[in-house]
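Fold and contact review
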Amino acid sequence: MAQRRLIPPDPPLTDGEIVLRMRQESDVAAIAEASHDPETQRRLDDGPLSAERQRLSVARAAEQWSSGKSAPFVIADATDDRPLGLLNLQFREDEEVANLAVSVFPEARGRGVAAKALRLAALWGLAELGLARVAAEAAVDNRASIRAIEKAGFHREGTLRAHCKTHGVRHDCVMFSLVAGDAALD
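Conventions and cut-offs
- Residues numbered from 1 in each chain as written.
- Predicted model: local features only at pLDDT ≥ 70, side-chain atom pairs only at ≥ 80, totals over all residues.
- Heavy atoms only, no water.
- Salt bridge = Lys/Arg side-chain N within 4 Å of Asp/Glu carboxyl O.
- Helix = DSSP H or I, 4+ residues; strand = E, 2+ residues; numbered from the N terminus.
- Buried < 20%, exposed > 50% of the residue type's maximum accessible area, 1.4 Å probe, protein only.
- Pairing = 2+ DSSP bridges.
- Contact = heavy atoms within 4.5 Å.
- Axes fitted to C-alpha atoms, helices over the stretch in contact; angles between N-to-C directions.
- Core = buried A, V, L, I, M, F, W, Y, C linked by side-chain atoms within 4.5 Å.
- Phe/Tyr/Trp six-rings, centres within 6.5 Å; stacked < 30°, edge-to-face > 60°.
- Expected span 1.5 Å × (residues − 1).

**Some words on the pattern of salt bridges**
- Taken as a whole and judged by the stated rule, the model has ten salt bridges.
- Where aspartate 81 meets arginine 21, a salt bridge forms, and the shortest distance between an N and an O atom there is 2.8 Å. Separated by 60 residues along the polypeptide, aspartate 81 in the loop between strand 3 (70-77) and strand 4 (83-91) and arginine 21 in strand 2 (residues 18-21) bring together distant segments of the chain.
- Overall, arginine 21 belongs to the buried group, its relative accessible area being 7%.
- Across the pair aspartate 37 and arginine 109 runs a salt bridge, and its minimum N-O distance is 2.7 Å. Highlighted residues: aspartate 37 in the loop between helix 1 (28-34) and helix 2 (38-43) and arginine 109 in the loop between strand 5 (97-104) and helix 4 (113-127), separated in sequence by 72 residues.
- Given the relative accessible area of 13%, aspartate 37 is considered buried.
- Within the structure, one salt-bridge network assembled from shared partners comprises Asp77, Asp80, Arg82 and Arg111.

Here's what the structure looks like:
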């Protein structure tokens, strides 16, 4: 695990349409509501946010930043700061490598939010944190996630058989990456 303390970007990362920023108390209700979405439940092992997890949500995100384990962002609308989803840059044992995970709230889907957030976070990790590789993966049947990852400029590396596990069931995932030397980073 990363042994460095991560400092959230200041100002927050933005492309003018979305912002990647720290979690705030005002985000928790939207995060909790989205955690009940059937598609979110189908794709993630985390159950709906309990009252206890809601209460600890902001502090837990801050602890992840300060411990250097991950960089959990809220994806927000650049115009009104409304939360649109979550993105997490998760570090591996090799401190030069990280994985991205993204979840867009139901009302924000279909607008390119995931692709924009993935791109912003990957470029930040490669340029500002000095990562050598940022990876993203999606279940082979998750066409929306695969499209978003490809639209963000990630390179498809292949299908990893029985690599992912959701709700106790192993399944194939498509692996993608951006590396520091990619021409697409221009």
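**Looking at the sheet that holds strand 7 (residues 155-166)**
- Strand order in this open sheet of eight strands is 1-2-3-4-5-6-8-7, and the pairing throughout is mixed. Across the chains shown, the open sheet's two edge strands, defined by having one partner strand only, are strand 1 (13-14) and strand 7.
- Summarising the sheet, strand 4 and strand 5 pair through seven bridges and their orientation is antiparallel. Residue pairing in the sheet places glycine 85 in a bridge with valine 104 of strand 5.
- Along the sheet, helix 5 (residues 143-151) contacts strand 6 (133-139), strand 7 and strand 8 (169-179); its crossing angle with strand 6, the most-contacted strand, is approximately 155 degrees.

**A few points about unusual backbone geometry**
- The linkage connecting aspartate 10 with the following residue, proline 11, adopts the cis geometry, with an omega of 5 degrees.
- Take proline 11: it is sitting in the segment before strand 1.
- At aspartate 81, a position not held by glycine, the phi torsion is positive, near 65 degrees.
- On the accessibility criterion, aspartate 81 (33% relative accessible area) is partly exposed.

**Regarding the nonpolar core**
- In terms of nonpolar packing, the biggest core is built from 38 residues, with Leu89, Leu100 and Phe154 touching the most fellow members.
- Counting only elements with at least two residues in this core, the list comes to strand 2, strand 3, strand 4, strand 5, helix 4, strand 6, helix 5 and strand 8.
- Of all the elements, helix 4 adds the most residues to this core, at ten residues.
- Beyond its immediate chain neighbours, meaning those up to four positions away, leucine 100 contacts Leu87, Asn88, Leu89, Leu118, Ala121, Ala122, Val134, Ala135, Ala136 and Phe154.
- With five residues, the next largest nonpolar core counts Ile31, Ala34, Leu49 and Phe105 among its residues.

**A closer look at the packing of aromatic side chains**
- Tallied over the entire structure, the rule returns three aromatic pairs.
- Seen from their ring centres, tryptophan 65 and phenylalanine 73 are 5.2 Å apart, and the 90 degrees between their planes marks the pair as edge-to-face. In this pair, the class of tryptophan 65 matches that of phenylalanine 73, namely buried.
- Ring geometry for phenylalanine 73 versus tryptophan 124: centroids 5.6 Å apart, planes at 85 degrees, classification edge-to-face. Here phenylalanine 73 is found in strand 3, whereas its partner tryptophan 124 is found in helix 4, with 51 residues between them in sequence. One exposure class covers both phenylalanine 73 and tryptophan 124, and it is buried.
- Ring pairing ties together the aromatic residues Trp65, Phe73 and Trp124, which thus form one cluster.

**As for helix 3 (residues 51-67)**
- The end-to-end C-alpha distance of helix 3, which contains 17 residues, comes to 24 Å, matching closely the 24 Å that a straight helix rising 1.5 Å per residue would cover.
- Residues Ser57, Val58, Ala61, Gln64 and Trp65 constitute the buried set of helix 3.
- Residues of helix 3 that are buried in the fold lie against helix 1, strand 3 and helix 4.
- Taken from the residues just after helix 3, glycine 68 is the one with a positive phi, measuring 80 degrees.

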